[in-house]
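Results of the structural survey
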Amino acid sequence: MNKLFNTKNIIKLLAILFITINAVSCQRDGSAEEDDLPQEELTNIVLLVTEDGTTNTLTYDYSIGAGGIPTIPLKDGKSYTVVAKFRNGNEDATQEIIDAKDEHFLIFDFPKSNIAVTRLDGNDLRNDGKRVGLRTKWDVVKVVDSPSPLLKLTLIHAPESVNDAKSGTAWGSVVGGETDAEATYNLTN
């Protein structure tokens, strides 16, 4: 019996217990197989920005986890059509989001700017009648309403409910769900 409870066996047992707890605590609520777009698979969030009345589309690529924040120049009083694309390396993962639209929702947070967002996803609505937000119109009132303006764009997976109205500085809010991807873009005039 003393051999069963010796110091080496207790240390081994504690090590196994520690590894097990860490492995379980690092997982999402559901398994990776349940998630149609696991967070670990998204590498880039690309915004295609076109000033209304022009044909000039500029691309702003945020590389997840790589550092560096793209800067999007906007003009006060102008409107822009913005298309969000999600990439996994060289593969476009946007269609996966469209195919599972009831499981996704985008939140556009402009904490230091005055920009109104209208979702233009077309007739491709979620079951709750809301749009994901992959195609939007930004009506810019004031880009630099406070120092260091930015956009924090968040893709939410499996929200219990969504609201596309403005909530504080963000266009869109959710109850429940988990973050599939998040990007930050600097804004400038």
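Here the residue index of a chain counts from 1 through its sequence in written order. Residues qualify for local features only when their pLDDT is at least 70, as the model is predicted, and side-chain atom pairs are given and counted only at 80 or more; totals for whole chains, interfaces and linings, by contrast, use all residues. With hydrogens and water stripped out, all remaining heavy atoms of the structure feed into the side-chain values.

Moving on, we get to the confidence of the model for the protein chain. On average, residues of the protein chain score 86 in pLDDT, and 79% of them reach the 70 mark or higher. Think of pLDDT as the predictor's per-residue confidence, scored from 0 to 100. Two residues form a contact once any of their heavy atoms are found within 4.5 Å. For residues 20-35, every residue scores under 50 in pLDDT, and the model assigns this stretch ten contacts once sequence neighbours within four places are set aside.

Given two aromatic rings, their pairing is described by the distance between the two centres and the angle made by the two planes. Aromatic rings from Phe, Tyr and Trp, taking only the six-membered ring of Trp, are treated as a pair when their centres fall within 6.5 Å; an angle between ring planes under 30 degrees marks them as stacked, one over 60 as edge-to-face, and anything in between as tilted. Under the criterion given, the structure shown has three aromatic pairs. On the numbers, 6.0 Å between centres and 55° between planes, the contact of Tyr62 with Tyr185 is tilted. Taken together, the residues Tyr62 in strand β2 (residues 57-63) and Tyr185 in strand β12 (residues 178-188) connect sequence positions 123 residues apart. Overall, Tyr62 belongs to the buried group, its relative accessible area being 15%. Where Phe108 meets Trp138, the ring centres are 6.5 Å apart and the plane angle is 75°; that geometry is what we call edge-to-face. Here Phe108, found in strand β6 (residues 104-109), pairs with Trp138, found in strand β8 (residues 135-142); they are 30 residues apart in sequence, far enough to count as distant. Buried means the residue's accessible area, taken with a 1.4 Å probe over protein chains only, is under 20% of the maximum for its type, while exposed means over 50%, and partly exposed covers the values in between. Relative accessible area serves as the criterion here: at 1%, Phe108 is assigned to the buried category. With relative accessibility at 0%, the residue Trp138 sits in the buried group. Clustering of aromatic rings is evident, with ring pairs tying together Phe108, Phe110 and Trp138. Helix and strand assignments come from DSSP, with helices taken as H or I runs of at least 4 residues and strands as E runs of at least 2, each series counted from the N terminus.

Here we take up the pairing of strand β11 (residues 170-175). Bridging between β6 and β11 involves two bridges; their strand directions are antiparallel. Among the inter-strand pairings, Phe108 is bridged to a residue of β11, identified as Trp171. Alignment of strand β10 (residues 161-167) against β11, held across five bridges, turns out to be antiparallel. Along β11, the bridge assignment pairs Ser167 with Ala170. Any two strands are treated as partners once DSSP identifies two or more bridges connecting them.

The rule for a salt bridge is simple: a side-chain nitrogen of Lys or Arg has to be within 4 Å of a carboxyl oxygen of Asp or Glu. Counted by the stated rule, this structure contains seven salt bridges. Note that Lys101 is salt-bridged to Asp124, the shortest N-O span being 3.3 Å. Highlighted residues: Lys101 in the loop between α2 (94-99) and β6 and Asp124 in the loop between β7 (114-119) and β8, separated in sequence by 23 residues. Between Asp128 and Arg126 there is a salt bridge, with its nearest N and O atoms 2.9 Å apart. Residue Asp128 is classed as partly exposed on the basis of its relative accessible area of 39%.

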